[in-house]
Amino acid sequence: MRILKTDSDDYNVIQAFRLPDTTAANHTTLTIGAASASTAALLEGMYRISSTVDCHIVQGAPATVSHLPIPANQPEYFAINGVVSAIAASAGTLTLTKV
């Protein structure tokens, strides 16, 4: 199955994702804070990542403040296969939804 949608002729790729399936199998939440926290291993795919607080993420473990910053409430999209770890200055929630 394609991740990116195609036009009506099923030929040209357009920059739009399918709406995500938010069932438990495709939706992960992680409580984050001052200590690095990690998800269980995620299936390979494209994920929408959003956090309620500014944080730093990395594929693998553990996360530190030198890893990729993710601003609060500004979703990003990443190809992921495996564990994602995050750390934040204050308590919050990181949400990962497979798209």
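Rules behind the numbers
Residues numbered from 1 in each chain as written. Predicted model: local features only at pLDDT ≥ 70, side-chain atom pairs only at ≥ 80, totals over all residues. Heavy atoms only, no water. Core = buried A, V, L, I, M, F, W, Y, C linked by side-chain atoms within 4.5 Å. Buried < 20%, exposed > 50% of the residue type's maximum accessible area, 1.4 Å probe, protein only. Helix = DSSP H or I, 4+ residues; strand = E, 2+ residues; numbered from the N terminus. Contact = heavy atoms within 4.5 Å. Polar contact = N/O pair within 3.5 Å; in protein donor to acceptor, adjacent residues only side chain to side chain. Pairing = 2+ DSSP bridges. Axes fitted to C-alpha atoms, helices over the stretch in contact; angles between N-to-C directions.

Engineer: Just give me the short version of the nonpolar core, but keep the residues and values in it.
Structural biologist: In terms of nonpolar packing, the biggest core is built from 16 residues, with Ile32, Ile49, Cys55, Ile57, Ile80, Leu94 and Leu96 touching the most fellow members. When residues of this core are traced back to their parent elements, those giving at least two are strand E3 (27-32), strand E5 (42-51), strand E6 (55-59), strand E9 (84-88) and strand E10 (92-98). Discounting residues that sit within four places of it in the chain, Ile49 has contacts with Ile57, Gln74, Pro75, Glu76, Phe78, Ile80, Leu94, Thr95 and Leu96.

Engineer: I'd like a rundown of the side chain of Ser51, residues and numbers included.
Structural biologist: Topologically, Ser51 is positioned in strand E5. Engagement of the side chain of Ser51 in a polar contact is seen with the backbone oxygen of Val53, the distance being 2.6 Å. Beyond its immediate sequence surroundings of up to four residues, Ser51 is in contact with Ile32, Pro71, Ala72, Asn73, Thr93 and Leu94.

Engineer: Run through unusual backbone geometry, naming residues and quoting values.
Structural biologist: For the bond running from Ala61 to Pro62, omega is -10°, close enough to zero to count as cis. Within the element layout of this structure, Pro62 appears in the loop between E6 and strand E7 (68-70). The phi torsion at Asn73 lies on the positive side, around 55°, for a residue other than glycine. Along the polypeptide, Asn73 turns up in the loop between E7 and strand E8 (76-82). The exposure class of Asn73 is exposed, given its relative accessible area of 56%.

Engineer: Tell me about the sheet that holds E8, and name the residues and values.
Structural biologist: Taken in spatial order, the four strands make up an open sheet running E3-E10-E5-E8, and their pairing is antiparallel. Because the sheet does not close on itself, it has two edges, and the strands there are E3 and E8. The sheet shows a mean angle of 30° between the axes of neighbouring strands, taken without regard to direction. Sheet topology places E3 next to E10; six bridges connect them, and they run antiparallel. Across the sheet, the residue bridging to Leu30 is Leu94, located in E10.

Engineer: Pulling in residues and values, what's your account of the environment of Ala34?
Structural biologist: Looking at where Ala34 falls in the secondary structure, it is placed in the loop between E3 and strand E4 (37-38). The exposure class of Ala34 is exposed, given its relative accessible area of 65%. Counting along the chain gives 53 residues from Ala34 to Ile87, while the straight-line C-alpha distance between them is 5.9 Å. If we skip the residues at most four places from it in the chain, Ala34 touches Ile87 and Ala88.

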